[in-house]
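Summary of the model geometry
As a plain string of letters, each chain reads:
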Amino acid sequence: MITKTQIAEAVKEVMASRDIKLSTAECSLCVSTVFQAVKNGLVSDGEVRIDRMGTFKRKDVPDRRCRNPRTGEAIIVPAHKTIVFKTAKMLQETVNGKQ
């Protein structure tokens, strides 16, 4: 698992290799800003596409009838929104070792 802090450290290393000196706090702010932009895009547009990575989409899930496994009582799970991620072909190939 990789954390947001580790991503910020990776950004710091890449920037340092290009002679751009940023603090860990500045890199962390950059990463947080990107994540916030993804959240805002999902809320406002319902879709965020990142080249060579994939597409986040907001999906509406209708209400449905289920059973409480403990009591067996029929319940209705209310409609809600969820997020799905479809990987880009390039990412899928990289993960599968084809590139």
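See the structure printed just above.
The text that follows walks through the structure, step by step, so that each part is easy to find. (Residues numbered from 1 in each chain as written. Predicted model: local features only at pLDDT ≥ 70, side-chain atom pairs only at ≥ 80, totals over all residues. Heavy atoms only, no water.)

What follows deals with the pattern of salt bridges. Tallying each qualifying case throughout the model produces two salt bridges. Put simply, R49 and E47 hold a salt bridge, and the shortest N to O gap is 2.8 Å. Given the relative accessible area of 33%, E47 is considered partly exposed. The salt bridge involving D60 is made with K81; its shortest N-O contact spans 3.2 Å. With a gap of 21 residues between them, D60 in strand β2 (residues 54-61) and K81 in strand β5 (residues 80-87) connect regions that are remote in the sequence. Classification of D60 as exposed rests on a relative accessible area of 54%. (Salt bridge = Lys/Arg side-chain N within 4 Å of Asp/Glu carboxyl O. Buried < 20%, exposed > 50% of the residue type's maximum accessible area, 1.4 Å probe, protein only. Helix = DSSP H or I, 4+ residues; strand = E, 2+ residues; numbered from the N terminus.)

Examined against the element boundaries, T55 turns out to sit in strand β2. The residues contacting T55, other than those within four sequence positions of it, are E47, V48, R49, V84, F85 and K86. (Contact = heavy atoms within 4.5 Å.)

Sheet analysis places strand β3 (residues 64-67) next to strand β4 (residues 74-77), joined by four bridges and oriented antiparallel. Looking across to β4, one finds that C66 is bridged to I75. A loop of six residues connects β3 with β4, the two strands running antiparallel in sequence, and G72 in this loop sits at a positive phi of about 80°. (Pairing = 2+ DSSP bridges.)

What follows concerns the packing of helix α1 (residues 4-17) against helix α2 (residues 24-44). Two elements in contact, α1 and α2, have axes separated by 8 Å at closest approach and are oriented at 115°. Handedness of the α1/α2 crossing: right-handed. Residue-level inspection shows K4, I7, A8, E9, V11 and K12 of α1 in contact with α2, the latter providing T24, C27, S28, V31, S32 and F35. Among the residues forming the contact of α1 with α2, the class breakdown is six nonpolar, three polar and three charged. (Axes fitted to C-alpha atoms, helices over the stretch in contact; angles between N-to-C directions. Left-handed = near helix turned anticlockwise from the far one by under 90°. Nonpolar A, V, L, I, M, F, W, Y, C, P; charged D, E, K, R; others polar.)

Bringing α1 into the picture now. Between the first and last C-alpha of α1 there are 20 Å, a value that for 14 residues agrees with the 20 Å anticipated at 1.5 Å per step. Phi turns positive one or two residues past the end of α1, at D19, with a value near 60°. (Expected span 1.5 Å × (residues − 1).)

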